[in-house]
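So the chains spell out like this:
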Amino acid sequence: MNKGSVPILARLRSLQADVRVLSGGSRVIAQPDDRNPVAQVLRAANETMLARSLEFRSSTGASLTLDVAGRRVLRLTSCIGLPGAESCLGAEVLEDEHKDDLIKLLQAVAAPRQELRVISGPVGRGGEEVSVGLPVALLADLLLVELNETDADEPLPEEAPAEPEVFEEPSFQLSGKGIRDFAEGVGPTLIAWLVRGGDADGSTFGPEEMVSHLQGFLDDETESVVHQLDLLSARPGDPICLMLGATLIEGHSIVCARMQDSLLLGVIEGDGAPAALAAWNALLH
């Protein structure tokens, strides 16, 4: 296995872990016994590649809401029960001068020995720019947080599975296209993929080593992947697409899509989230 395959396999393994989804759409991202809950806040932001609003709620009653896109924190739109938020709340776009105040807020909402939840929704104040804001990687460096777990067999106590970005339609009409159309619609950033089930069963594309990793994973974990997709979709068996975000080093993401009897698993190079979303919408409508 080469070095570049390690983060890809780490992303694949995170498909096996159940996501604890609660009423209201919130997810638990840190438990009271987590040593470093602020790391979970940063990982949730880092895994959100489409423009989304992330509301972090602590069991202390404090909360803050961030607009996030392209692994950058764009703005702070709401803050409850946390002092010192004025400068960040007043900024249309967070810049370098705001990073210290933002870090204090993140540390405060991610208080030790408390449960922490996140709710994802549409961006708050509009604007889906991904070239502005504060890079999550910068905040992670300042807080000495490792964003990417690469050893799933020996996880650190403070680490949790990556939060996937889910592309899902609560109501849809099938376009008549198949899962291969989705793969082709994503374009050249989808550098390796395979299909399990349906008319395109056995279809593959990309470097043999990458396809082999995907094949081996599905050979062992198809049931776990389907279970995970059912946890995240509105109803078991519904069409759904999720992405596990890019690493800081190799820039690879994992995309997993289900349409009828077909399951696609693939590797995306770079930021392919906009292309994946466009291809998924074209598949459903």
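Residues numbered from 1 in each chain as written. Predicted model: local features only at pLDDT ≥ 70, side-chain atom pairs only at ≥ 80, totals over all residues. Heavy atoms only, no water.

Caption draft 1: Region of the structure containing the overall build of the protein. Along its length, the protein carries eight helices and twelve strands. A buried classification covers 51% of the 285 residues belonging to the protein. Restricting the contact set of the protein to residue pairs at least 6 apart, pairs at least 24 apart contribute 65%. (Helix = DSSP H or I, 4+ residues; strand = E, 2+ residues; numbered from the N terminus. Buried < 20%, exposed > 50% of the residue type's maximum accessible area, 1.4 Å probe, protein only. Contact = heavy atoms within 4.5 Å.)

Caption draft 2: Spotlight on the side chain of Ser 203. Residue placement: Ser 203 occurs in the loop between β8 (190-196) and β9 (204-205). The class for Ser 203 is buried, based on a relative accessible area of 12%. With sequence-adjacent residues up to four places away left out, Ser 203 is seen in contact with Arg 180, Trp 193, Leu 194 and Val 195.

Caption draft 3: Broad picture of the pattern of salt bridges. Counting across every chain of the model gives seven salt bridges. The salt bridge involving Arg 57 is made with Glu 55; its shortest N-O contact spans 2.8 Å. Among the salt bridges present, the one from Arg 117 reaches Glu 115, with a minimum N-O distance of 2.8 Å. Among the residues examined, Arg 117 registers a relative accessible area of 30% and is labelled partly exposed. (Salt bridge = Lys/Arg side-chain N within 4 Å of Asp/Glu carboxyl O.)

Caption draft 4: Just the environment of Ser 120, in detail. Position of Ser 120 relative to the elements: it lies in strand β5 (residues 116-121). On the basis of relative accessibility, which here comes to 29%, the residue Ser 120 falls in the partly exposed class. Measuring from C-alpha to C-alpha, the distance between Ser 120 and Leu 66 comes to 9.8 Å, with 54 residues separating the pair along the chain. The residues touching Ser 120, leaving out its near neighbours within four places in the chain, are Arg 52, Ser 53 and Leu 54. At 3.0 Å, the side chain of Ser 120 and the side chain of Arg 52 are in polar contact. (Polar contact = N/O pair within 3.5 Å; in protein donor to acceptor, adjacent residues only side chain to side chain.)

Caption draft 5: Broad picture of helix α8 (residues 273-284). Compared with an ideal rise of 1.5 Å per residue, which puts twelve residues at 16 Å, α8 spans 17 Å between its outermost C-alpha atoms and is within 8% of the ideal. All of the buried residues along α8 are Ala 273, Ala 276, Ala 279, Trp 280, Leu 283 and Leu 284. Looking down the long axis of α8, one finds its buried residues gathered within 130° of arc, a one-sided arrangement. (Expected span 1.5 Å × (residues − 1). Arc of directions from axis to C-beta.)

Caption draft 6: Structural detail: the packing of helix α6 (residues 179-186) against α8. Viewed as axis vectors pointing N to C, α6 and α8 meet at an angle of 150°, and their least axial separation amounts to 8 Å. Considered as vectors, α6 and α8 are oriented roughly antiparallel to each other. As α6 packs across α8, the resulting crossing turns out to be right-handed. Facing Phe 182, Gly 185 and Val 186 of α6, the residues of α8 in contact are Ala 275, Ala 276, Ala 279, Trp 280 and Leu 283. (Axes fitted to C-alpha atoms, helices over the stretch in contact; angles between N-to-C directions. Parallel < 35°, antiparallel > 145°, perpendicular 65-115°, else oblique. Left-handed = near helix turned anticlockwise from the far one by under 90°.)

Treat this as a map of the structure, not an account of what it does.
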